[in-house]
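Remarks on the overall topology
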Amino acid sequence: MKNIIETYDLTKRYKDFTAVNSLNLHIPNKTIFGMLGPNGAGKTTTIKMLTCLTIPTSGTAKVGGYDILENPNEVRELLGMVPQQVSLYKDLTVWENAELCADYYGVPVDEKEDRINELMELVDISYAKDKLIGKMSGGQKQKASLVASLVHRPEILFLDEPTIGLDPTTKRILWNLIEELNDDGHTIILCSHDMHEVDMLCDNVGIISTGNLVAYDSPTGLKDTLIRRQREEYESLKDTLALIRDENNTDDKSNKSDKEIEDSEALKIQQDSLFKYREMSFLVDDLNQDLLKTLRANKYVHSVEVNDSGRIILEIDKFEDKAVRSVLKTLVKNKAKVSSISTEEPSLEDVFMKTTSEVELGPRA
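Note that this is a predicted model, so its numbers are computed, not measured.

**Some remarks on a nonpolar patch on the surface**
Residues Leu328, Val338 and Ile341 make up a contiguous nonpolar surface patch of about 220 Å² in total accessible area. Checked against the element boundaries, Leu328 lands in helix α11 (residues 322-333). By relative accessible area, which is 37% here, Leu328 ends up partly exposed.

Listed below in structure tokens is the structure:
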């Protein structure tokens, strides 16, 4: 099966409010998919429809090949869910909660114990199997929730903010676990506001805003698209400002209205906001003044600094294709022994902010 989830004009309205608007989305099988969006964007409503917790107003979806309207029970059997707020019984132990879920899903009695033990080993919670949920830490609760959600061996696992409030070490453990589950053949649907988490884990990302799917691609693809768009915007603004400068040189400024002058200044500010230098940095084993002098003489380099660790930090032209190549040629020509190099790139958060800010705000009717 190529796509484990496909939606067809999936829509949900509440009276005059459209929570999800004609959503057409495909999620490839055995991948990790990140669902992003501002609060109130329609993510939760989308998940509720995909998990058969609410019926769409129009449109439909197929999950694991089953239609959510025609075969809701078959769909539910394919799903596991780890909510943001752990929903296990606080007065039961980790084992008792897992056993309860196994019984609910009809796990065969002769397989139940082995499955629970296997999952507890996988998520490293066996040591606390007899501990009450109400007396566990946040990370332990999330692990216990994963055991309960996976005991019936679902093909698709929904994770809603799985690492929120966890310390960095516990986050890393859960990230590794998510990748292990995906390697074992589970499709993971990850809803998170942690952009680094989504960028690092997800094969594809969908951004939902005001009920619409406004972007869909791999994390790298989304960032590459933003780079191209920023370049196009910069070139367009540069051409517009050049025309304005030509007009100012030939026209009598006294004939210009205040609005025309303000518009010109606004365009200049907008161009300046896009035309920020791009950071490039590297570590060399043989740092010397001759290398720094050569770098400062490079026409694409606007500043050169050396931090306490010895890393050289440059500011280079952001939209000049030759800038990076020119710096690399300088390093090679000076026979610099480079041990680490990096360039500043747009982040997934930059993509998120740009994409969601462009969506028109207003009544979702």
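Once the structure has been displayed, the description carries forward.
**Some points on the pattern of salt bridges**
Inspection of the entire model under this criterion finds 6 salt bridges. For Arg115, the salt bridge goes to Glu111, with nearest N and O atoms at 2.8 Å. Of the two residues, Arg115 and Glu111 both sit in helix α4 (residues 109-123), 4 residues apart, roughly one turn of that helix. In this structure Glu111 comes out as partly exposed when scored by relative accessible area, which is 32%. Between Asp199 and Lys223 there is a salt bridge whose closest N-O contact spans 2.9 Å. On the criterion of sequence distance, the pair formed by Asp199 in helix α7 (residues 195-201) and Lys223 in helix α8 (residues 219-250) is long-range, its members being 24 residues apart. Overall, the relative accessible area of 17% leaves Lys223 in the buried class. A cluster of three or more residues bridged by salt bridges with shared partners is formed by Glu99, Asp103 and Lys112.

Each value, and the rule that gives it
Residues numbered from 1 in each chain as written. Predicted model: local features only at pLDDT ≥ 70, side-chain atom pairs only at ≥ 80, totals over all residues. Heavy atoms only, no water. Patch = residues over 30% accessible without salt bridge, like charges linked within 9 Å, V, L, I, M, F, W, Y side chains within 5 Å. Areas by Shrake-Rupley, 256 points an atom, 1.4 Å probe, with all protein chains shown as cover. Salt bridge = Lys/Arg side-chain N within 4 Å of Asp/Glu carboxyl O. Helix = DSSP H or I, 4+ residues; strand = E, 2+ residues; numbered from the N terminus. Buried < 20%, exposed > 50% of the residue type's maximum accessible area, 1.4 Å probe, protein only.

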